[in-house]
Amino acid sequence: MTATVSFQGIGASPGVAVGHAFVIDSRKVRTPKVKLKPVEAESEVMRFKTAISLSDAQLEELKVKLSTGAENEHALILEAHRMMLHDPMFIVEVSRLIKEESINAEWAVRRVCRRLRHQFDNLEDEYFRERKSDIEFVADRLVRNLLGEVVDQELEVPLGAIVVAHDISPADAAMLVKTGRVGAFVTDLGGQTSHTAIVARARDVPAVVGLGKCADSIRAGDTVAVDGRRGMVLVNPSEEQLALFRETMRRQLATEALALKTAELPSVTIDGHSVRLHGNIEFVDEIPSLLAHGAEGIGLYRTEFLFLDRPAPPTEEEHYQAYRAVLEAMGNRPVTIRTLDLGGDKIPSSKKWEKEINPALGLRAIRYCLQNREMFRAQLRALLRASVHGNLRVMFPMVSGVSELREARSELEACRSELSRQGVPMGRRFQVGIMVETPSAAWIADRLAQEADFFSIGTNDLIQYSLAIDRQNRDVAYLYRPLHLSILRMVQHIVEAGKRAGIPVSMCGEMAGDSSLTLVLLALGLDEFSMTSGQIPVVKRIIRSVGMNEAHDLLNKAMQLTTAEEIERFIKSEMDRRFAAEG
Ligand code: PEP
Ligand code: MG
């Protein structure tokens, strides 16, 4: 009998799966290093350029294969890879190394890509650090083509297989999910925001990433059990462990089936108080899952994800196509598109990544947009043009004062007049709201409410700025407490200001999808909760099983307490008493 081995990684997409391993050999591509004679340099540069053309044609072919239906986002990533291939600086630098240092094309490609990758290493933001693997995928494709190796092999994955790899390229990940046969993904590299993780979450496929050295110890056909929530992988589990996994899987499938049945039911309390449950997305292909889970609209579309994965900012046309795709996929349902929340160390500026000493407090989001008008206007024009395709709402992030809102609105109006002069079709006037995610905005919410059409509370940042803790810093993570009395009071204050002005108040930070806080948030008076698709059914089930008196009573008692620990203990015991049996 084979011994069981267990691995702990990062739970990147929830769900449990048991199946046989399908190992993708993604070992490093061999890079031969050859010194050239000076006369060989010219033909070596030609060889390099031929490999670029070949790689480009392959990516184009893949893009065509994937550009039907919801796979559009992957096509965008492949397009980004094509842009990297054609980056003049990249081509010039590789050619220079071939000629001046007399080295072969494979070696020169690796050296230039290594240098590019290092520029990403020191970035604080995990999403941006992860993008360096895209450079690696482009380099691998080029080197494989230079060596005449097979690329983009069609993978015949058996139904329910656990796909195991050192890393999976966006092209492979996209092709694999399209087959609908993957039971789970297990990879050595990657984090919460790596491409595999995003694709897996969008398609409800369990995934554990960042396992270190797991792929090498799993052989094709091994039985693999994956827990995507806990980030756990068991290879050749015992009969007992397998039974436990299968039981969890059975329960999760049953809960999911039940949840999907409730998708059509309204989110209304037993005494008739109704709220709206919306979804948060980063990519258009998350929409089918969102709708299947019962989202009534999109409460937050983080457009900065579209902006990245590419060497140059998207054009107005690319913005427009992305927004159009989302609006059309949502039909008449409301779609809240947030303008770019880029900032600090996240911004590519003339291909150089600037570093700020304190990026969270730096030139971020609306501040950055107001200082980079061309880029902002491209997005605003695209939004105005896209407004003909659905039920659009636009929201500005990180607003800290009324002047910023006024400036952003007047830029929007300037774009509207310009488009109208040019005879470009636009939809009806749409609502323009703000994220309330700075303490400053919270305290002047009454004034902001006079000039915004809606509020959406961004608790991820509101907590960070109110409790003065960096949300990326593990050392202070223990202080990140949504149930801190100051946060509850602040949310209460924002909601009251919104209500007095008669505008709707939503919440789109992580707090909105935490089902242990649903009663508290109901009592605080939010009109709309926005979260990832998988969280919607549980939150809805809680809403449909309580009354508002009960919720108010709970909140009143909680707010008599003082420390975050006391409030958390109280809420947990009350929620356990009501819902523990339901799991
Ligand atoms: C928030 O801050 O709560 C939010 C939803 O925005 P982000 O997480 O994108 O900063
Ligand atoms: Mg935020």
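First, a word on scope: everything that follows refers to the structure included in this document. Treat the numbers as computed from the prediction; the structure is a model and nothing was measured. (Residues numbered from 1 in each chain as written. Chains lettered and ligands numbered in written order. Predicted model: local features only at pLDDT ≥ 70, side-chain atom pairs only at ≥ 80, totals over all residues. Heavy atoms only, no water.)

Our next topic: the overall build of the protein chain. A tally of regular secondary structure across the protein chain gives 23 helices and 18 strands. Relative to the 2.2 N^0.38 estimate, which gives 25 Å for 583 residues, the radius of gyration of the protein chain is 25 Å and therefore close to what a compact globule would have. Taken over the C-alpha atoms alone, the protein chain extends approximately 85 × 70 × 40 Å along its principal axes. By the burial criterion, 55% of the 583 residues in the protein chain qualify as buried. If you take every contact in the protein chain between residues at least 6 apart in sequence, the share linking residues at least 24 apart comes to 70%. In the structure as shown, the protein chain presents an accessible area of about 25,600 Å², 52% of it carried by carbon and sulfur atoms. Of the charged side chains in the protein chain, 73 are positive and 80 negative; the average position of the first set lies 1 Å away from that of the second. (Helix = DSSP H or I, 4+ residues; strand = E, 2+ residues; numbered from the N terminus. Rg over C-alpha atoms; globule rule 2.2 N^0.38 Å. Buried < 20%, exposed > 50% of the residue type's maximum accessible area, 1.4 Å probe, protein only. Contact = heavy atoms within 4.5 Å. Areas by Shrake-Rupley, 256 points an atom, 1.4 Å probe, with all protein chains shown as cover. Lys, Arg positive; Asp, Glu negative; His and termini not counted. Charge placed at Lys NZ, Arg CZ, Asp CG, Glu CD.)

Next up on the list: the sheet that holds strand E6 (residues 207-209). The strand order across the open sheet built from eight strands is E1-E8-E7-E3-E4-E5-E6-E2, with neighbouring strands paired in mixed fashion. Across the chains shown, the open sheet's two edge strands, defined by having one partner strand only, are strand E1 (5-8) and strand E2 (10-13). The average angle at which neighbouring strand axes cross in this sheet is 30°, direction not considered. Relative to strand E8 (residues 232-235), E1 is paired through four bridges, and the arrangement is antiparallel. Its bridge partner being in E8, Gln8 is matched across the sheet by Met232. In the packing of helix H9 (residues 239-261) onto the sheet, the strands contacted are strand E3 (16-23), strand E7 (223-227) and E8, and the crossing angle to E3 comes to about 115°. (Pairing = 2+ DSSP bridges. Axes fitted to C-alpha atoms, helices over the stretch in contact; angles between N-to-C directions.)

Distances from the magnesium ion (ligand 2) to its protein donors, Glu437 (OE) and Asp461 (OD), fall within 2.0 to 2.1 Å. Remark: Asp461 occurs in helix H18 (residues 459-466) and Glu437 occurs in the loop between strand E15 (431-436) and helix H16 (439-443); sequence separation between them is 24 residues. Assigned by exposure class, Glu437 and Asp461 land together as buried. (Donors = N, O, S within 2.8 Å, 3.2 Å for Na, K, Ca; no water.)

Working definition: the covalent bond between the sulfur atoms of two cysteines is a disulfide. Counting across every chain of the model gives zero disulfides. Not engaged in a disulfide, the cysteine Cys508 finds its nearest cysteine sulfur in Cys369; these two sulfurs lie 16 Å apart. We classify Cys508 as buried; its relative accessible area is 2%. (Disulfide = S-S within 2.5 Å.)

Here the focus is the pairing of E3. Buried residues dominate E3, accounting for six of its eight residues. Bridge count between E3 and E7: five bridges; the pairing is antiparallel. Opposite Val18, over in E7, you have Ala225 as the bridge partner. Relative to strand E4 (residues 161-165), E3 is paired through three bridges, and the arrangement is parallel.

Surveying the vicinity of ligand 1 reveals 14 residues, the closest of which are Arg302, Arg338, Gly458, Asn460 and Arg471. At 3.0 Å from an oxygen atom of ligand 1 is found a side-chain nitrogen or oxygen belonging to Glu437. Within the backbone of Gly458, one N or O atom sits 3.4 Å away from an oxygen atom of ligand 1. Relative to its unbound accessible area of 290 Å², ligand 1 is 95% covered by the protein chains. Of all the secondary structure elements, the ones that give two or more residues to the shell around ligand 1 are strand E10 (298-302) and H18. Top contributing element to the shell around ligand 1 by residue count: H18, with three residues. For the shell around ligand 1, the class distribution of residues is three nonpolar, four polar and seven charged. (Near = heavy atom within 4 Å. Polar contact = N/O pair within 3.5 Å; in protein donor to acceptor, adjacent residues only side chain to side chain. Nonpolar A, V, L, I, M, F, W, Y, C, P; charged D, E, K, R; others polar.)

At their nearest, the axes of helix H14 (residues 373-386) and helix H15 (residues 402-421) sit 9 Å apart, and the two run at 60° to each other. When the interaxial angle is binned, H14 and H15 end up oblique. H15 is crossed by H14, and the crossing has right-handed handedness. Of the residues in H15, those in contact with Arg373, Phe376, Arg377, Leu380, Arg381, Leu384 and Arg385 of H14 are Glu407, Ala408, Glu411, Leu412, Ala414, Cys415, Arg416, Glu418 and Leu419. (Parallel < 35°, antiparallel > 145°, perpendicular 65-115°, else oblique. Left-handed = near helix turned anticlockwise from the far one by under 90°.)

So, on to the nonpolar core. Counting 97 residues, the largest nonpolar core has Phe396 and Phe455 as its most contacted members. The element that contributes the greatest number of residues to this core is helix H19 (residues 485-501), accounting for eight residues. Not counting the four nearest positions on each side in its chain, Phe396 is found in contact with Thr339, Ile366, Phe376, Leu380, Leu405, Ala408, Arg409, Val432, Gly433, Ile434 and Met435. If you look at the next biggest cluster of nonpolar residues, it comprises 31 residues, including Ala108, Cys113, Leu146 and Ala171. (Core = buried A, V, L, I, M, F, W, Y, C linked by side-chain atoms within 4.5 Å.)

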